[in-house]
Structure formats: C-alpha cells, structure tokens
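Architecture and fold: a report
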Amino acid sequence: MTSFDLMLKGGRLVLPWGEENADVGVRNGRIIAIGDLRTSDAAETIDCAGLHVLPGLIDAHVHLRDPGDPKVETLATGTRAAVLGGLAAVFDMPNTAPSITDRERLDWKRGYLEGNAYCDVGLYVGASKKNIAELAALELQPNVCAVKVFAGSSTGDLLVEDDASLEAVMRSGRRRICYHSEDEYRLQARKPDFHSGMPHRNHMVWRDVECAFLGTRRLMALARKTGRPAHILHVSTAEELEYLKDFRDVATVEVLLNHLTQTDEAYDRLGGYAVMNPPIRDERHMRAAWAAVADGTVDVVGSDHAPHSRAAKERPWPDCAAGLTGVQTIVPLMLDHVNAGRLSLTRLVDLMCAGPARVYGALNKGRLAAGYDADFTLVDMKKQRVIEESWIVSPCGWTPFAGQSCTGWPVATIIRGQAAMREDEVLGAPRGKPVTFR
C-alpha cells in the first residue's frame with residue numbers, strides 16, 4: 001500500500017490533455033501519483049467530489065506595493081488576498097518605493113517575502129536608464145521572473161522611452177523582457193489637450209489606440225533587430241492583437257481580466273475606479289481580446305493588481321491615480337466567464353498556469369503532473385456568490401467589481417501540499433516561498 005502525505009480524492013482534474021476523474025497523491029510537497037488511488041492511504045485526505053482540481057493558478061502581473069505604503073497594500077496582505085482568491089503564486093512588479101532595480105534591493109525583497117508571503121512569489125527586476133549594464137546579471141539572480149520595462153509612463157519612477165535605450169536594454173541579457181507598451185512621446189504631445197476635471201472617459205482618448213499600437217510596433221521592430229524575446233503586457237487594442245500574430249517568433253502576449261470584462265461604460269459608472277493604464281476601451285476591443293483568447297494569440301491572462309488609496313482614486317481626472325485592484329477577484333471572474341461559455345476550463349488553466357510557466361520559465365509550476373509542485377486550486381463551478389468589498393483584504397479596501405455576481409468560486413488553495421485557504425479561511429502562518437525560474 002502506497003502512503004502519501006496528502007491525497008485529493010474523487011475530483012475532476014484539469015490535466016494538460018483534458019479533464020478526467022482521478023485522485024492525486026502528494027509527498028514532500030510534490031505530486032507523486034495521479035490515477036485511481038483507492039488502495040493507498042494518506043496522512044490527510046481531502047474529498048474533492050463535485051469539485052474541479054486545477055493546477056495552482058498563477059497571477060503573473062501584480063503590484064504588491066511593498067516597499068511602499070502599507071495603508072494601501074503590503075506583500076502580506078496582497079498574498080493573503082491571492083490565496084483567498086484561489087491563487088497559488090503571484091509575480092510581483094518592481095515599481096515600488098524604492099523600485100527593485102539592483103542586487104541589494106532584490107536580495108532584500110527575496111529575504112523579506114519568506115515569513116510574510118502566503119503564496120509563492122516570483123520577482124520582477126525593473127529596468128532604468130541607470131542600470132542597463134547590470135540587467136544581464138540581474139535577470140539571472142535567483143527567483144527573478146523577468147526584467148520589466150516601462151516604455152510608457154505609469155505609476156513609479158521607471159521609464160525607458162527612447163529607441164536607443166530600449167535597444168541597449170534588449171542587448172543586455174537574453175531572457176524574455178516584459179513591456180508596458182505605450183508610446184511616451186505621443187502621451188506627452190497630447191497631454192496639453194486635456195485638463196483637470198474632464199470626464200474620466202477621456203482617459204481612453206488621451207491614451208488612445210495609436211498610443212498603444214505605436215509603442216508595440218516600435219518594440220517589435222527592436223525585438224526583431226536584436227533577436228531578444230518580448231512579452232507584451234496588458235495588450236488592450238484590437239490592432240495590437242492582430243499585429244502581434246506576425247511576431248510569434250519574438251513575442252508572447254498578455255491580456256488582462258479587466259479588458260475581457262469591462263468596457264468604457266465603466267468610466268461613467270465608476271469614475272476614477274475605472275482608470276488604469278493602458279485604459280479600458282470600447283466593446284470592439286473586448287471582442288478582439290476574446291477572439292485572441294479563442295485563437296491562441298493570448299498566452300497569459302493576469303490581473304495587473306495595482307491598488308491605490310480611495311483618496312488617490314477619487315481625485316478629478318487626470319489627477320486620479322491609475323490602477324485597479326484584482327488579485328483577489330481574478331479567479332472568480334474568470335470562472336464566471338467559463339460558465340458563460342466564453343472559454344473552457346482547460347483554456348483557463350492554459351492561460352493562468354501553463355502559459356505563465358512557459359513564458360517566464362517557472363520550474364515545477366503550471367500543470368498537474370508527477371514531479372511538479374503540489375499546487376492546487378479547488379473550484380466549485382456551481383457555487384454562486386457576489387463579490388463584496390467586505391471580502392477584500394487589501395488595506396485600500398475596494399474593488400471595481402463590487403456587486404458583481406459570479407458562478408464558479410475557488411474553495412481551496414493548496415501550495416506545495418499544504419492548504420493555504422479552505423472555504424474562505426486563510427490557514428496557518430505565511431508559508432510562501434520564492435518561485436524558481438530557468
């Protein structure tokens with residue numbers, strides 16, 4: 001008789017080749033066996049009858065704001081939100097205060113997350129014009145998921161906007177670089193056309209389609225020139241999604257939950273709580289995003305969780321802060337999209353497990369297979385629940401999806417064989433570890 005530390009019994013597993021009913025045996029934090037394990041025993045057994053067993057879901061695009069303002073978010077509160085929302089790992093962006101741009105700050109962040117993180121964490125390192133020569137070494141540091149380049153200005157002090165500097169960044173190292181792709185020159189040239197107090201929907205007029213598309217065209221030209229692979233984050237326009245199909249040799253694509261869920265009506269309903277970069281756009285671009293999910297253009301779906309205080313969000317446009325919360329709500333909303341027939345559960349797992357693992361080179365993450373980390377997201381596809389702000393644990397305390405009803409909900413998050421969340425309760429002390437990458 002085989003003995004396991006943990007056994008998941010009778011669930012509907014979402015495997016790389018499809019769904020099937022099977023058991024999972026775990027030992028020493030790794031998946032040991034998948035199949036009919038009725039003759040085996042385990043120190044702990046979880047009855048998964050009526051549940052789907054997904055690989056531990058990954059949000060590869062979050063801003064946990066640590067170091068920064070603990071009244072808005074911390075690594076502890078953000079990862080607590082993640083496990084409550086069904087996530088087993090998050091990859092944290094570098095535009096903190098101060099930014100993560102050198103070995104000293106990276107070492108601090110890596111040490112800080114152990115004992116504070118409730119889920120596993122990958123770390124971005126930020127590119128600036130001052131650290132280009134060091135990027136080749138920084139991207140090879142343990143637990144670094146990627147270099148992040150802000151080619152258009154957003155929150156923080158990281159900006160690399162000119163072609164000469166962007167090319168120099170691309171020639172410093174070899175791993176895939178992640179880009180915020182908006183054209184800074186067009187942004188600044190158009191800025192005088194707008195003034196404080198204008199309607200919030202002007203955000204998508206200022207940061208228009210051409211602003212994003214021009215930024216992506218420039219980056220693709222440089223990626224082809226240098227041969228450096230690129231990951232274009234939060235692609236928000238139909239034009240970019242069509243264009244990027246011709247650059248699969250050098251480019252992978254992320255689309256945000258927001259651009260699959262919200263359209264420009266949100267500006268009138270939510271005001272500053274709909275303002276993010278790149279902006280929410282009209283329904284034409286949402287339709288294009290779903291088409292790109294369906295045809296395989298999109299590799300990753302993320303939340304771009306970017307919390308700000310209520311006071312910062314409630315300033316007049318364009319003085320209000322740009323960025324929306326999302327780490328705790330992305331999984332319920334994506335499960336609701338599955339139930340609405342917009343994508344399959346297998347495709348969701350590809351976009352939030354296998355896709356991030358492939359794009360970033362995460363080891364032992366992203367699929368249900370023997371030898372992989374025993375990370376699981378257990379979901380009840382029939383459970384109906386309304387997203388309420390009282391459920392949000394980020395200190396900023398708000399979500400742009402308050403009041404939205406979801407069918408499908410995460411009921412447990414298991415990380416390396418240990419339950420981090422069950423039935424809306426976070427279990428135990430923070431046990432998150434740094435993610436390992438190739």
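It should be noted that the structure appears before, not after, this text.
Small disclaimer: the values here were computed from a predicted structure and weren't measured.

Reading guide: rules and limits
Residues numbered from 1 in each chain as written. Predicted model: local features only at pLDDT ≥ 70, side-chain atom pairs only at ≥ 80, totals over all residues. Heavy atoms only, no water. Helix = DSSP H or I, 4+ residues; strand = E, 2+ residues; numbered from the N terminus. Expected span 1.5 Å × (residues − 1). Buried < 20%, exposed > 50% of the residue type's maximum accessible area, 1.4 Å probe, protein only. Pairing = 2+ DSSP bridges. Axes fitted to C-alpha atoms, helices over the stretch in contact; angles between N-to-C directions. Contact = heavy atoms within 4.5 Å. 1 Å grid on protein atoms, 1.4 Å probe; cavity = no way out; pocket = protein on both sides within 12 Å on 5 of 7 lines; lining within 4 Å. Points joined across faces, edges and corners; volume = space filled by probe spheres on them. Nonpolar A, V, L, I, M, F, W, Y, C, P; charged D, E, K, R; others polar. Parallel < 35°, antiparallel > 145°, perpendicular 65-115°, else oblique. Left-handed = near helix turned anticlockwise from the far one by under 90°. Salt bridge = Lys/Arg side-chain N within 4 Å of Asp/Glu carboxyl O. Polar contact = N/O pair within 3.5 Å; in protein donor to acceptor, adjacent residues only side chain to side chain.

1. Things to note about helix 14 (residues 345-360)
For helix 14, spanning 16 residues, the distance from its first C-alpha to its last is 22 Å, which sits close to the expected 22 Å at 1.5 Å a residue. In terms of burial, helix 14 is a largely internal element, 12 of the 16 residues being buried. Inspection of helix 14 places Leu-345, Arg-347, Leu-348, Val-349, Leu-351, Met-352, Cys-353, Gly-355, Pro-356, Ala-357, Val-359 and Tyr-360 among the buried residues, and these make up the whole buried set.

2. A look at the sheet that holds strand 9 (residues 144-150)
The strand order across the open sheet built from 8 strands is 6-7-8-9-10-11-12-13, with neighbouring strands paired in parallel fashion. Looking along the sheet, the strands with just one partner apiece sit at the ends: strand 6 (57-62) and strand 13 (300-302). Across the sheet, the mean angle from the axis of one strand to that of its neighbour is 30°, orientation sign disregarded. The pairing of strand 6 with strand 7 (residues 87-92) spans 4 bridges and is classified as parallel. For Ile-58, the partnering residue across the bridge sits in strand 7 and is Ala-89. Those strands touched by helix 2 (residues 103-113) are strand 7, strand 8 (120-126) and strand 9, and its axis lies near 165° from that of strand 8. Across the sheet, helix 13 (residues 330-339) touches strand 6, strand 7 and strand 13, and the angle it forms with strand 13 is around 125°.

3. Overview of the layout of surface pockets
In this model, the largest pocket occupies a volume close to 300 Å³. Listing elements by their share of the lining of the largest pocket, those giving two or more residues are strand 1 (3-15) and helix 14. Here the element with the most residues in the lining of the largest pocket is helix 14; it accounts for 6 residues. Of the residues assigned to the lining of the largest pocket, the class counts are 11 nonpolar, 3 polar and 5 charged.

4. Quick notes on empty space enclosed by the protein
Enumeration according to the criterion identifies 6 cavities of 30 Å³ or more in this entry. In this model, the second largest cavity occupies a volume close to 70 Å³. If you go around the second largest cavity, the residues you meet are Tyr-118, Ile-415, Arg-416, Gln-418, Ala-420, Leu-427, Ala-429 and Arg-431. Class assignment for the residues of the lining of the second largest cavity results in 5 nonpolar, 1 polar and 2 charged.

5. As for the packing of helix 4 (residues 163-170) against helix 7 (residues 209-226)
One way to put it is that helix 4 packs onto helix 7 with a least axis distance of 10 Å and a crossing angle of 45°. Between helix 4 and helix 7, the angle falls in the class oblique. Helix 4 and helix 7 meet at a crossing whose hand is right-handed. Counted together, Asp-163, Leu-166, Glu-167 and Met-170 of helix 4 and Arg-218, Leu-219, Leu-222, Ala-223, Lys-225 and Thr-226 of helix 7 form the full contact between these two elements. When the residues that make up the contact of helix 4 with helix 7 are grouped by side-chain class, the tally is 5 nonpolar, 1 polar and 4 charged.

6. Notes on the pattern of salt bridges
Under the counting rule described, the total for this entry stands at 40 salt bridges. A salt bridge links Asp-208 to Arg-190; the nearest nitrogen and oxygen atoms lie 3.6 Å apart. With a gap of 18 residues between them, Asp-208 in the loop between helix 6 (202-206) and helix 7 and Arg-190 in helix 5 (residues 184-190) connect regions that are remote in the sequence. Like Arg-190, Asp-208 is buried. With a closest N to O distance of 3.1 Å, Arg-310 and Glu-389 form a salt bridge. Note that Arg-310 is positioned in helix 12 (residues 310-313) and Glu-389 in the loop between strand 14 (376-386) and strand 15 (405-415), a separation of 79 residues in sequence. What makes Arg-310 partly exposed here is its relative accessible area of 34%. For Glu-389, a relative accessible area of 28% puts it in the partly exposed group.

7. Some thoughts on the side chain of Glu-167
Take Glu-167: it is sitting in helix 4. Of note is the side chain of Glu-167, whose polar atom sits 3.0 Å from the side chain of Lys-225. Residues in contact with Glu-167, not counting those within four places in the same chain, are Leu-222, Lys-225 and Thr-226.

8. Describing the environment of Pro-192
Residue position: Pro-192 is located in the loop between helix 5 and helix 6. For Pro-192, a relative accessible area of 66% gives the class exposed. As for Pro-192 and Trp-206, which are separated by 14 residues in sequence, their C-alpha atoms are 9.9 Å apart.

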